[in-house]
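Close look at the chain arrangement
Spelled out, the chains give:
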Amino acid sequence: MGKSGLCPRRWEVRVMYFKLAARNVKRQLGNYLIYFMTIALTVALLFAINNIIYSDSLSVFMDRGEGARDALQIMVIMISAVVAFVLGYATSFLLKRRKREFGAYLTLGMNRRNILVIFLAETFIICLIALGAGLAVGAFLFQGLMAFMMKLLEMEFDIAAYSVEGLFRTVLLTAGIFFLASAASAGYLKRVSIYDLIHGEKKVEGKVRHPFLWLIVTIVSFIGLAASGILFWHKLDTALKGGTVEGLEYLLAGFILFTALSHMGAAKSIVPFLLGRSRFCSRGSNTFVLRQLSGNLSANSVMLGCLALLMSLAVVGTNVSFIQKASQEEALNMAYPYDIMYYSNKYEREREIPLQEAEALIEEYAGIRQMIPWRIFESGRLDFYSRTEWYEEWMAPNDSFMPLSDFNAVMAPLGVKPVALDGEFMIVCNNSKAARPDWTDMVWEQGGKTYTFHSCREDYPKISYLYFYVVVPDEAVEGLDCVEQSRAYVTEKHMFDGMGLKQALAHLLWEGEDGRIEFEIREYARQEENNVSAILVVGALFASAVFLLMAMAILALKTLSALGEDRRRYEILFRLGLGVGEQAKALFRQTFSFFLLPFVLPLLMGIPVAAAGVHVMRMENMEASASMVPLIAGVVAVVMTFLYLLYYTATYLIAKRIVVWE
């Protein structure tokens, strides 16, 4: 009887707690706005990316569909874990914002478990509403991302079907995030004392110790960041010129360390430095604002450094993914100057290939408008390779030569001016290492004639896999062995089923375990590159958006968690005669400065990333792509600024409503 009588009582208590939680949500709606907005946008992103992962449209990634799905799944799970950690950290700010209220509950006889149940019920209600709102927004965001992905794939977009698996995974991940955030809240309520809950607002932030030392740390860190950038630029040049690159992991570690230290140092040194400037402090409410910032920046210096690093990585990742996509078409045209290229080498295939049958397949899929043949000859000597690094490494093949008439014939359709050689030779490099030796004094003897150096070129379209080949007058190849008779095809259709043609040729020409087919198809490579770009860009957008949301949410919730203390101090300003306008102006400077510190470096990070992108494009002779890089960096900066202003505006308006006295 006793046990059965307790059940209704327990149920009534739980209903009472839930009603109390619902009432608190309504009353604390302003405080929960940032939290709600962050969860809703995160759910929208999760729903969109999960629907892409489990959409039938991912089957367009031929032979890459499962790999793409696995890669995106792993990324989503890892980022969800980061979101759970960050929201758990952010939830503690909500608890601190209401510590006096919870302290009152404890003094009225509630225990910590009761308070935790009430708070979890509140956050559950918020998460449930945010889940619904996020799914609604995510439904539109999914269609937008699918349209964007189809654009990257250069395919027609139709309204994509939603995935039940995607919905289930989103709800499951949201539940996991809520569970981990709740665990963090429980840990905080278990540790905090009643005194801290009730009187925590009266604690005075400690004064920054050794501000001059922190100023030196800031300066040294910024110098370290600049040095890391210069060293990376140098290594980038080395890599582009064909050299080996080592120590990138140390540069990355240095970037992470100097980014964190520079913000820690700035947070602990800027305000004490300004407080020492008497003329600056005597203006208006500057002294008040600086003292408000002093303890706040110092106490959160590590957090500010971590947020700056998180946002910097988001900016770099987004810029790099879009720069890669912008350069893709030009890079393809350089690597595949013709629609289809056939490379033959008598040393690497045991039997003759059925070339006529292969050309019949090309005609069927794409049509053949023009066919241009060219030949490669070998002398059996190492006159040229003896001057290269490959000769020293015992990797040198025989010297390879192309007749001048063949060279001009294959280059003419590509818009290259014909070359004239009168008793001379020209070296064409496909690898930058081949351009390093000094060829100017070389004299080549063949067939009783001598040939002198004409030029060494790296800017011609790639029509061979050789490290380099030597273009010589036609008579110079007489008596040499013809080892390659290759062909270039200009097709009637420039966009066709490249993957289907590749499979058909592979079925016809398959030989050995490596499955060599000797044909390079630009349309197949373009479709493959589009697949990679789509995964890279969409994945980078998702990760960057989530990272920025988390960073902005922490800044906002951290600012709002101190509003109780701020309200008491602004009341003193009001009683001293400071009007609403002056209070609002002081609050704006206080909150904007706190938000701005970790935002400046990530925003400026787009400049060196864009400069490096332009440098790479120009080194690779991709001028058209180079001109797009600053635009990409500008768009990323604008979007990032918009998100920053969205969160800051919401935070400022909430703070102003609570703090400013009228």
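So, here is what we can say about the structure in this document. (Residues numbered from 1 in each chain as written. Predicted model: local features only at pLDDT ≥ 70, side-chain atom pairs only at ≥ 80, totals over all residues. Heavy atoms only, no water.)

In terms of helices and strands, the chain carries 21 helices and nine strands. Relative to its 662 residues, the chain shows a buried fraction of 50%. Put simply, of all contacts in the chain between residues at least 6 apart along the chain, 85% involve residues at least 24 apart. Working note: accessible area of the chain is about 32400 Å², and carbon and sulfur atoms make up 63% of it. (Helix = DSSP H or I, 4+ residues; strand = E, 2+ residues; numbered from the N terminus. Buried < 20%, exposed > 50% of the residue type's maximum accessible area, 1.4 Å probe, protein only. Contact = heavy atoms within 4.5 Å. Areas by Shrake-Rupley, 256 points an atom, 1.4 Å probe, with all protein chains shown as cover.)

A few words now on helix 9 (residues 248–275). Its 28 residues give helix 9 an end-to-end C-alpha distance of 40 Å, which sits within 8% of 40 Å, the value for a rise of 1.5 Å per residue. Roughly 30° is the biggest bend found in helix 9, and it falls at Ala266. (Expected span 1.5 Å × (residues − 1). Bend = angle between axes of the 7 residues up to and from the residue.)

If you walk through the whole model with that rule in mind, you get ten salt bridges. Between Arg522 and Asp339 there is a salt bridge whose closest N-O contact spans 2.5 Å. Linking Arg522 in helix 17 (residues 522–561) with Asp339 in the loop between helix 12 (301–335) and strand 1 (340–342), this pair joins segments that are 183 residues apart in sequence. Of the two residues, Arg522 and Asp339, both sit in the buried class. In this structure, Arg375 engages Asp406 in a salt bridge whose closest nitrogen and oxygen atoms are separated by 2.9 Å. Placement of the pair is Arg375 in strand 2 (residues 368–378) and Asp406 in helix 15 (residues 404–411), with a sequence separation of 31 residues. You can call Arg375 partly exposed: its relative accessible area is 32%. (Salt bridge = Lys/Arg side-chain N within 4 Å of Asp/Glu carboxyl O.)

Ranked by internal contacts, the top residues of the largest apolar core, which has 122 residues, are Ile34, Phe542 and Tyr647. For this core, the element with the most residues is helix 17, which contributes 19 residues. Residues contacting Phe542, with those up to four places away along its chain left out, are Leu45, Leu46, Ile49, Met75, Val76 and Ile79. Listed in part, the 22 residues of the second largest apolar core include Tyr343, Ile376, Leu404 and Val490. (Core = buried A, V, L, I, M, F, W, Y, C linked by side-chain atoms within 4.5 Å.)

A word on the sheet that holds strand 6 (residues 449–457). Read from one edge to the other, the open sheet built from nine strands follows the order 5-6-4-7-3-2-8-1-9, with strand pairing classed as mixed. Edge positions in the open sheet fall to strand 5 (443–446) and strand 9 (519–521), since each of these has one partner strand only. Averaged over all neighbouring strand pairs, the angle between strand axes comes to 30°, with direction disregarded. Two strands pair when backbone bridges link them, and strand 2 and strand 8 (residues 481–491) are joined in this way by ten bridges, in the antiparallel orientation. The partner of Pro373 across the bridge, within strand 8, is Arg487. Those strands touched by helix 13 (residues 355–365) are strand 1, strand 2, strand 8 and strand 9, and its axis lies near 20° from that of strand 8. With respect to the sheet, helix 16 (residues 498–509) is in contact with strand 1 and strand 9, its orientation differing from that of strand 9 by roughly 170°. (Pairing = 2+ DSSP bridges. Axes fitted to C-alpha atoms, helices over the stretch in contact; angles between N-to-C directions.)

On to the pairing of strand 8. Taken together, the three bridges between strand 1 and strand 8 define a ladder with antiparallel strand orientation. Within strand 8, the residue paired with Tyr342 across the bridge is Arg487.

Okay, the layout of surface pockets next. Space inside the second largest pocket adds up to approximately 900 Å³. Lining the second largest pocket are 25 residues; nearest its centre among them are Phe232, Val316, Met605, Pro608 and Val609. Elements supplying a minimum of two residues to the lining of the second largest pocket: helix 8 (211–240), helix 9, helix 12, helix 19 (580–604) and helix 20 (606–619). When grouped by side-chain class, the residues that make up the lining of the second largest pocket number 22 nonpolar, three polar and no charged. (1 Å grid on protein atoms, 1.4 Å probe; cavity = no way out; pocket = protein on both sides within 12 Å on 5 of 7 lines; lining within 4 Å. Points joined across faces, edges and corners; volume = space filled by probe spheres on them. Nonpolar A, V, L, I, M, F, W, Y, C, P; charged D, E, K, R; others polar.)

In this section: the packing of aromatic side chains. Considering all chains together, one arrives at 26 aromatic pairs under this definition. Pairing Tyr343 with Trp374 gives two aromatic rings, centres 6.2 Å apart and planes at 80°, and the pair type is edge-to-face. With a gap of 31 residues between them, Tyr343 in the loop between strand 1 and helix 13 and Trp374 in strand 2 connect regions that are remote in the sequence. Judged on exposure class, the residue Tyr343 and its partner Trp374 are both buried. Between Phe401 and Trp444 the ring centres are 4.6 Å apart and the planes differ by 20°, which places this aromatic pair in the stacked class. (Phe/Tyr/Trp six-rings, centres within 6.5 Å; stacked < 30°, edge-to-face > 60°.)

Pairing of strand 4 (residues 424–429) with strand 6 involves five bridges; the strand directions are parallel. Bridge pairing links Phe425 to Phe453 in strand 6. With four bridges joining them, strand 5 and strand 6 adopt antiparallel strand pairing. Residue pairing in the sheet places Gln446 in a bridge with Lys449 of strand 6. Hairpin connection from strand 5 to strand 6: two residues lie between these consecutive antiparallel strands, with Gly447 at a positive phi of about 60°.

Another point: empty space enclosed by the protein. The full count for this structure, using the stated rule, is three cavities of 30 Å³ or more. Each pocket or cavity is described by its volume, and for the largest cavity that value is around 80 Å³. In terms of lining, the largest cavity is formed by Tyr35, Ile39, Thr42, Val43, Leu46, Leu87, Cys127, Thr174, Ile177, Phe178 and Ala181. Looking at the lining of the largest cavity, the elements that each hand over two or more residues are helix 2 (29–53) and helix 6 (164–191). Ranked by residues supplied to the lining of the largest cavity, first place goes to helix 2 with five residues. Its residues placed into classes, the lining of the largest cavity shows nine nonpolar, two polar and no charged.

This part covers the packing of helix 12 against helix 21 (residues 623–659). The contact between helix 12 and helix 21 brings their axes to 9 Å, and the two run at 150°. Taken together, the axis directions place helix 12 and helix 21 in an arrangement best described as roughly antiparallel. At the point where helix 12 passes helix 21, the crossing takes the right-handed sense. Residues Met311, Val315, Thr318, Asn319, Phe322, Ile323, Ala326, Ser327 and Glu330 of helix 12 form the contact with helix 21, whose participating residues are Glu623, Ala624, Ser625, Met628, Val629, Ile632, Ala633, Val636 and Met640. (Parallel < 35°, antiparallel > 145°, perpendicular 65-115°, else oblique. Left-handed = near helix turned anticlockwise from the far one by under 90°.)

Time to look at the environment of Ile49. One can find Ile49 in helix 2. Spatially, the C-alpha atom of Ile49 lies 9.1 Å from that of Leu141, the residues being 92 residues apart in sequence.

Bringing a nonpolar patch on the surface into the picture now. Among the surface-exposed residues, Phe212, Leu213, Ile216 and Val220 lie close enough to one another that they form a single nonpolar patch of about 400 Å² accessible area. Note on placement: Val220 falls in helix 8. (Patch = residues over 30% accessible without salt bridge, like charges linked within 9 Å, V, L, I, M, F, W, Y side chains within 5 Å.)

From the geometry alone we can't say anything about function, so treat these as descriptive.
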